[in-house]
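Listed here are the chains, written in short residue letters.
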Amino acid sequence: MFAFPHMRVPTRFSERYKCFSVAVMEGADRGLEKGGKIVLPPSALHKLTMMMDDNASPMLFSLENKSTGRKTHCGVLEFVADEGKAYIPHWMMRNLGIDEGSFITVSLVALPSCTFAKFQPLSEDFLAIADQRAVLNYTLRNFSCLTEGDIIAINYNNKTYEINVKELKPKSAVNIVECDMQVDFEAPPGYVEPDYKAMAAAQQAAAAAAAAQASTLSAAIPMDQLKGGALTPPVGSVGSLPKTFVGSGQRLDGKAIKGSAGSSTAGAGAASGAGAAAGAGAAASSSAMVIDGLVAGQFKLGKLSFPRGFSYDQYLQEVTSI
């Protein structure tokens, strides 16, 4: 083991840097605006490697604005900044209350792992997101630590949502790298919870009204009106049928139609069964109803028999002689 008596090993990292936003950093923004990490100069990495154990992780820092006393915490993304400069996200600059070129103090700190975090969206638009927890968890992948009172920016679906870090446990500043923490949300400022009972009652009333209307529109004539030939529904009732085919029909062979009234009468016309195989047209009034393909009132109960020795040729002669 070699000893270097003239080399001074630092025991505490606390440096003062001129702060700039990622917009003035050369090259790509490296995702700085979407997380809570900063870019420091290479000299910072040299000091930190002399201080820290190889197994120590992660590197967490406190950022303090000495003029206002505001403080926040962050991780580090890279050590490629110009000497004497630090690049941080714009939302972090707003939390610290600093402008481009202001000085901040960067100090290495150790933070406990987070066990509980409560967030409050500052706009009700955040509630329109289908799964707020999934969006928040995805955003926190770019963070190493959180600080109570910070307002972090969440970029989702080409829109930026601001979220207030309302409460943290076990301390006001915590490490969220590889930790199991519970997440809770608080309602946005000025948000009024809807009256779900009133909404449910209104939906039930609307559903009942729709069902009643559907039942009324689909109501048919009562069966007792069909008995005894009372087939004409009351005038103006829902079951009233429109008057259709009110003219008279003629057979193609010129013979008279059996059972036909001959000519149309007031409110009723004879319906033709032209082209029927049996050649018998059924006359029906305009108020008659069709049940299973039969005109109500134009049929009667009878007896169907199948005699022996039935001749189909004789049947055809009887039919054609009509």
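Residues numbered from 1 in each chain as written. Predicted model: local features only at pLDDT ≥ 70, side-chain atom pairs only at ≥ 80, totals over all residues. Heavy atoms only, no water.

Draft legend 1. View of the side chain of Thr-105. Mapped onto the secondary structure, Thr-105 falls in strand β6 (residues 103-109). Beyond its immediate stretch of four places on either side in the chain, Thr-105 contacts Ser-14, Glu-15, Arg-16, Ser-62, Leu-63, Glu-64 and Lys-66. (Helix = DSSP H or I, 4+ residues; strand = E, 2+ residues; numbered from the N terminus. Contact = heavy atoms within 4.5 Å.)

Draft legend 2. Molecular detail of helix α3 (residues 132-139). Turning to α3, its buried residues are Gln-132, Val-135, Leu-136 and Thr-139. Each buried residue of α3 sits inside an arc of 100° when the element is viewed along its axis, so together they form one side. (Buried < 20%, exposed > 50% of the residue type's maximum accessible area, 1.4 Å probe, protein only. Arc of directions from axis to C-beta.)

Draft legend 3. Molecular detail of the sheet that holds strand β7 (residues 116-121). One open sheet holds the four strands; their spatial order is β9-β10-β7-β12, and the pairing between them is mixed. Only two strands of the sheet have a single neighbouring strand rather than two, namely β9 (151-156) and β12 (182-185). Neighbour-to-neighbour, the strand axes of this sheet turn through a mean angle of 35°, independent of strand direction. The sheet contact formed by β7 and β12 spans four bridges and is parallel. Bridging from a neighbouring strand, Lys-118 pairs with Asp-184 of β12. (Pairing = 2+ DSSP bridges. Axes fitted to C-alpha atoms, helices over the stretch in contact; angles between N-to-C directions.)

Draft legend 4. Region of the structure containing the side chain of His-73. Checked against the element boundaries, His-73 lands in strand β4 (residues 70-78). Under the relative-accessibility criterion, His-73 is labelled buried at 12%. There is a polar contact of 2.9 Å between the side chain of His-73 and the side chain of Thr-147. The contacts of His-73, once residues within four sequence positions are left out, are Phe-61, Ser-62, Val-109, Leu-111, Cys-145, Thr-147 and Ala-173. (Polar contact = N/O pair within 3.5 Å; in protein donor to acceptor, adjacent residues only side chain to side chain.)

Draft legend 5. Inspection of the packing of aromatic side chains at higher detail. For the coordinates displayed, the defined rule picks out five aromatic pairs. With a centroid separation of 6.4 Å and an interplanar angle of 40°, the aromatic rings of Phe-20 and Tyr-87 are classed as tilted. Of this pair, Phe-20 sits in strand β1 (residues 14-21) while Tyr-87 sits in strand β5 (residues 85-88), and the two are 67 residues apart along the sequence. Relative accessible area serves as the criterion here: at 5%, Tyr-87 is assigned to the buried category. A centroid spacing of 5.7 Å and a plane angle of 35° characterise the contact between Trp-91 and Phe-143, whose relative ring orientation is tilted. With a gap of 52 residues between them, Trp-91 in helix α2 (residues 90-96) and Phe-143 in the loop between α3 and β8 (145-147) connect regions that are remote in the sequence. In this pair, the class of Trp-91 matches that of Phe-143, namely buried. Within the aromatic cluster, the residues linked to one another by ring pairs are Phe-126, Tyr-161 and Phe-185. (Phe/Tyr/Trp six-rings, centres within 6.5 Å; stacked < 30°, edge-to-face > 60°.)

Draft legend 6. How the structure looks around the pattern of salt bridges. Following the criterion strictly, the structure yields four salt bridges and no others. Residue Lys-66 pairs with Glu-64 through a salt bridge whose shortest N-O separation is 3.5 Å. Judged by its relative accessible area of 56%, Lys-66 is exposed. The shortest N-O distance in the salt bridge between Asp-125 and Lys-159 comes to 3.1 Å. A residue pair is termed long-range when its members are at least 10 positions apart, and Asp-125 in the loop between β7 and α3 and Lys-159 in strand β10 (residues 159-169) qualify at 34 residues. (Salt bridge = Lys/Arg side-chain N within 4 Å of Asp/Glu carboxyl O.)

Draft legend 7. Structural view of the nonpolar core. In terms of nonpolar packing, the biggest core is built from 43 residues, with Leu-40, Leu-63, Ile-88, Phe-119 and Leu-140 touching the most fellow members. Filtering out sequence-adjacent residues up to four positions away, Ile-88 remains in contact with Cys-19, Phe-20, Ser-21, Val-22, Ile-38, Leu-63, Met-93, Leu-96 and Ile-98. Among the nonpolar cores identified, the runner-up in size contains seven residues, and Phe-20, Leu-32, Ala-81 and Tyr-87 belong to it. (Core = buried A, V, L, I, M, F, W, Y, C linked by side-chain atoms within 4.5 Å.)

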